[in-house]
Amino acid sequence: MIRPQDLLCPRPEGLYCAPGDFYIDPVRPVDRAVITHGHSDHARSGHGAVLATPQTLDIMGERYGAQFAQAMQPAEYGEVVNRDEVEVTLVPAGHVLGSAQAVVRWKGLTMVVSGDYKRRRDPTCPPFQPVACDVFITEATFGLPVFKHPDDKDEIARLLRSVAQFPERAHMIGAYALGKAQRIICLLREAGWDETIYVHGALERLNALYERHGVDLGPLAPATTGRKKDEFAGQIIIGPPSALQDRWSRRFPDPVAAFASGWMQVRARARQRGVELPLVISDHADWDELTATVDEIRPGELWITHGREEALARWAELHGVSARALALVGYEEEDED
Amino acid sequence: MRAFAELLDRLSLTPSRNAKLTLVRDYLRDTPDPDRGWALATLTGDLTFDAAKPTFIRKAVEERMDPQLFWWSYDYVGDLAEAVALVWPMRPGANREPELSEVVEALRTATRAEVQRLIEGWLDAMREPRERWALLKLMTRELRVGLSARLAKQAAADLGPVPVAEVEELWHALHPPYEDLFAWLEGRSEKPTSDNPGRFRPVMLAQAIDEAVDFAKLNPADYSAEWKWDGIRVQAVNERGVQRLYTRTGDDISRTFPDILDAFHEDGVLDGELLVMRDGKVATFADLQQRLNRKAVDAKLMAQYPAAIRAYDILAEGEDDLRTLPFCERRKRLEAFVERQHTPRIDLSPLQPFSSWPDLADLRAAPPEGDPQIAEGIMLKRVDSIYEAGRPKGPWFKWKRDPFLVDAVLMYAQRGHGKRSSFYSDYTFGVWTPSPEGGRMLTPVGKAYFGFTDEELKQIDKFVRDNTVERFGPVRSVRAEPHAGLVFEVAFEGLQRSGRHKSGVAMRFPRINRIRWDKPPREADELTTLERLLEQIEAR
Ligand SMILES: [Zn+2]
């Protein structure tokens, strides 16, 4: 009788697949790694061989330099790759450009490692694709019923109303540099914002990478000190979250500090960070998406990698799905910066 | 309701006064009657109903979801109304989202059981957590969005625009949802009449005198002087059987001071200082605080802290509006009026004769009753000035007494809010105390976040960043040793004993007077300096 833990088991380095001898999103350097997506807590440098989507490999190259691993093997979505006796397939996770779930098959057993994911439409990447499986291994970053992300169109509309209401001020949006920033830009374009969007230097290379992969971001310009302060009045500026309260922000006229993150759902979080306009826009599944996904896949077992495991595990048990918290460490709440 | 929820949400996170004003003004402009009127009444605190208890809502939510999951959620969020607003499972199509006016109507008139049923139905229907949050905060009357009633009235006045004083004077003749007010502000009808007894009259304020410029231009013979008492400014109204006591912003505090209102036996409107007075002597501000912020008072409290008005102006007497008379005429009417009331609860702020500005400077240096804490300085009023709402330039000046000063050492700095959020702009400073090891250590004595220029703020901010010892969230501890650190000359208005502060003293109104880049911390003051000052104050 084959047990799931014979195929995948948690180790300090990350989830380990013994029959295929590889790790998924290892947090320490290993010989063979499968990487679900380019966020730095999942994609680290210094591995021997890396299997990932071409976009994720490109992102890692941009972050760590071309030699971030000894060997890189791109796998398109849906392509079956063999690792010893194990079949690995990457399928879309809907999280950021290139993000994938790792589907691992061995001796008739199917396990899916979701990586980070969401179920909403995202103009920068293909949608999450549910895969029937024996064990679904999910994240639970927003695994509490308080997290119910509103429609991102409404959040963007609120931002644009504020821009119209305060034409003498700049609107400065803190957004995670990989994925969130580009999604916000695309959403602004879809809402009809055709003006130049000013960006912090930390975003420039990833913006260019997204454009190379066919994501049109429209007119962008660096938010440099060379400009006069009032040139930024009525404009939208995007920077990494850490820049919101940084001296960098002083170059803008009386900026409205906005922050695009799932954490902004909780007022105390917004207040702590001095955010005046919280935008509840997340690249993770909210509570309803997490529970709906479990309900849709109905796996034999649910494993939870990181986040608020206890609440999701309880929900699963109440709904007849046996659940297990892996409590993997090393995956930060990325929007925390 | 959705627009109102968005307004509350933004107000609660917006630090700047001007931005708040814009948010409220735009809301009032874009929202139809009667919703905007109910919203305005909510913001000014003029909407009264019995607050619903939040306990029933907890029960209701636990009927709709697993109590353990709710408990984890509540524990994470920390605020019951917010947690419920976030977790409440929506029932699409269950109901229609309510308008603000429907909600207000129900809260004011329905029975408690009906209100609970209605609220559950609305929560089911609302699509956004923000809206549910606003509903629950409204229902429990816990709208703390950091907006004064005056600012809300200013936002309404800006619709005209008309001076806010006009709205304030009308205010007590108006009733929510204020359709007549909006009709007038938008030019659709005449100004509503304000001739109702007991109304608030917007107050006249003084400008701070600029010693270097103003005295040279002013003739001492044109002005009369009196002490600027350190209580709170009030307006007492006794008119056709209606008695009211208002703060200078028009908040009604009548219920807290029945002893004062009972002392009137003639119709009139007085402008004066609310003080605690025992046998004609002014007590400390700390005593007055025992009477303020109380919802109810009893005979014992009134006897222990007897309140009184020290009157300095009269705005109406009998049927006559006196505000267009010159100050010297009003003063005569005031003196006669106070005399006739013949009560220890109302006395007169005496005029202080002087013949020249140096004369006045001497007076200012010799505080009344020998106590620098009962007056903040001197008021100057042009003898021919009419009583004009707002802060007109020229007729009235205040000349504050020099503050107390102490040299203290910067110990902690915290990030500011809004415009200042990229700066370390809130400072905790300390003075030297004996340490257990026999040496000296710094003990915090106060906090200040203004008194410096933008340029100085940048310099202090840089100092903080360059001399950080430790960080705790938004706070940094700053190097503060005998030979290295930053000394502030801190100005403050008074000193009180305080059990809440480690140092045992609390300063009133501290601010950074000067930055002493030249002074090493070892030369900063010791706590004994403050303790001596406190003893002097208490010994009088
Ligand atoms: Zn991620």
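Residues numbered from 1 in each chain as written. Chains lettered and ligands numbered in written order. Predicted model: local features only at pLDDT ≥ 70, side-chain atom pairs only at ≥ 80, totals over all residues. Heavy atoms only, no water.

Our working rule: UniProt positions are given in the numbering used here, feature names are shortened, and annotations may be inferred rather than shown by experiment.
An unreviewed UniProt entry annotates chain B as DNA ligase (ATP) originating from Phenylobacterium deserti. Its UniProt record gives chain B the following Catalytic activity (unreviewed entry) comment, quoted word for word: "ATP + (deoxyribonucleotide)n-3'-hydroxyl + 5'-phospho-(deoxyribonucleotide)m = (deoxyribonucleotide)n+m + AMP + diphosphate."

With an unreviewed UniProt entry as reference, chain A is termed Ligase-associated DNA damage response exonuclease, source organism Phenylobacterium deserti.

## Concerning the nonpolar core
Quick reminder of the rule: Remark: nonpolar core denotes a set of buried residues (Ala, Val, Leu, Ile, Met, Phe, Trp, Tyr, Cys) joined through side-chain atoms within 4.5 Å. Burial classes follow relative accessibility: with a 1.4 Å probe on protein chains only, a residue under 20% of its type's maximum area counts as buried, one over 50% as exposed, and anything between as partly exposed. Under the scheme used here, helices are H or I runs from DSSP no shorter than 4 residues and strands are E runs no shorter than 2 residues, and both carry numbers assigned from the N terminus.
Of all hydrophobic cores here, the largest spans 102 residues; its most connected members are Leu28, Leu40, Leu43, Leu100, Ile119, Leu136 and Leu181 of chain B. Per element, the largest residue contribution to this core is 7 residues, and it comes from helix H6 (residues 80-87) of chain B. Within the second largest apolar cluster, 34 residues are counted, among which are Val96, Ile197, Val199 and Leu279 of chain A.

## Here's the deal with the pairing of strand E11 (residues 135-140) of chain A
Residue and element names in this part refer to chain A. Going by this rule: One requirement defines pairing of two strands: DSSP has to find at least two bridges between them.
Here E11 lies mainly inside the structure; 6 of its 6 residues are buried. The alternating pattern of E11 places Val135, Ile137 and Glu139 and Phe136, Thr138 and Ala140 on opposite faces, both of which are buried. Here 3 bridges tie strand E10 (residues 109-113) to E11, and the two strands are oriented parallel to one another. Directly across from Met111, in E11, lies its bridge partner Val135. Across 5 bridges, E11 lies against strand E18 (residues 301-307) in parallel orientation. Considered in E18, the bridge of Phe136 is made with Leu302.

## Considering the sheet that holds strand E9 (residues 100-106) of chain A
Residue and element names in this part refer to chain A. So the rule is basically this: Simply put, an axis is a line fit to the C-alpha atoms, just over the touching stretch for a helix, and the angle between two N-to-C directions goes from 0 to 180 degrees. The contact definition used throughout considers only heavy atoms, calling two residues in contact when any of these lie within 4.5 Å.
In spatial order, the strands read E7-E8-E9-E10-E11-E18-E19; together these 7 strands make up an open sheet with mixed pairing. Bordering the open sheet on either side are strand E7 (80-83) and strand E19 (322-325), each of which pairs with just one other strand. Strand-to-strand twist of the sheet, defined as the mean angle between neighbouring strand axes without regard to direction, takes the value 25°. Those strands touched by helix H7 (residues 287-297) are E11 and E18, and its axis lies near 175° from that of E11. Helix-sheet contacts for helix H8 (residues 309-318) involve E11, E18 and E19, and the interaxial angle to E18 is about 165°.

## Observations regarding the interface of chain A and chain B
Often the size quoted for an interface is simply the accessible area lost on bringing the parts together. Note the following rule: Any carboxyl oxygen of Asp or Glu that lies within 4 Å of a side-chain nitrogen of Lys or Arg is treated as forming a salt bridge with it. Under this grouping Gly is polar, as are all residues other than the nonpolar Ala, Val, Leu, Ile, Met, Phe, Trp, Tyr, Cys and Pro and the charged Asp, Glu, Lys and Arg.
Each partner contributes to the interface: chain A provides 38 residues, whereas chain B provides 36 residues. With its nearest N and O atoms 3.3 Å apart, the salt bridge here joins Arg127 of chain B to Asp154 of chain A. For the side of chain A that touches chain B, the elements supplying multiple residues, two or more each, are helix H3 (152-165), helix H6 (267-272), strand E17 (277-279) and H8 of chain A. Here the side of chain A that touches chain B gets 6 residues from one element, more than from any other, and that element is H3 of chain A. For the side of chain A that touches chain B, a count of residues per class yields 16 nonpolar, 5 polar and 17 charged.

## So, a nonpolar patch on the surface
Stated formally: Patch membership is restricted to residues that have no salt bridge and whose relative accessible area is over 30%. Joining uses 9 Å for like charges and 5 Å for the nonpolar side chains Val, Leu, Ile, Met, Phe, Trp and Tyr. Using a 1.4 Å probe, accessible areas were evaluated by the Shrake-Rupley method; residue-level cover was limited to the displayed protein chains.
A surface patch of nonpolar side chains, about 310 Å² in accessible area, is lined by Tyr449, Phe450 and Phe509 of chain B. Its location among the elements puts Phe450 of chain B in the loop between strand E14 (440-448) and helix H19 (454-466).

## Quick word on helix H9 (residues 129-139) of chain B
All names here are of chain B. When you tally the buried positions in H9, you get 11 out of 11 residues, the bulk of the element. Along H9, the positions that sit buried rather than exposed are Pro129, Arg130, Glu131, Arg132, Trp133, Ala134, Leu135, Leu136, Lys137, Leu138 and Met139. Residue Arg141 follows H9 closely and has a positive phi angle near 55°.

## Remarks on helix H4 (residues 55-64) of chain B
Residue and element names in this part refer to chain B. Basically, it comes down to this: It is the directions from the helix axis to the C-beta atoms whose arc is reported.
Where H4 is concerned, the buried positions are Phe56, Ile57, Ala60 and Val61. Taken end-on, H4 shows its buried residues confined to a sector of 135°, consistent with a single buried face. Turned more than 90 degrees off the buried face of H4, the exposed positions are Thr55 and Lys59. The inward-facing, buried residues of H4 contact helix H5 (67-77), H6, helix H8 (112-125) and H9.

## What to know about the domain arrangement of chain A
Residues and elements named next belong to chain A. This is how it is decided: For the purposes of this description, domain bounds are those given by an automatic or database domain assignment. Two parts placed together each lose some accessible area under a 1.4 Å probe, and adding up what both lose gives the buried area.
For chain A, the assigned domains are domain 1 (4-146 + 284-325) and domain 2 (152-279). Each side of the interface is counted separately: domain 1 has 19 residues, and domain 2 has 19 residues. Counting the surface domain 1 buries against domain 2, the share from its top three residues, Glu62, Leu97 and Thr124, is 29%. Counting across the interface, domain 1 meets domain 2 through 4 salt bridges. Note that Glu62 and Arg212 form a salt bridge whose closest N and O atoms lie 3.4 Å from each other. Residue composition of the side of domain 1 that touches domain 2, by class: 6 nonpolar, 6 polar and 7 charged.

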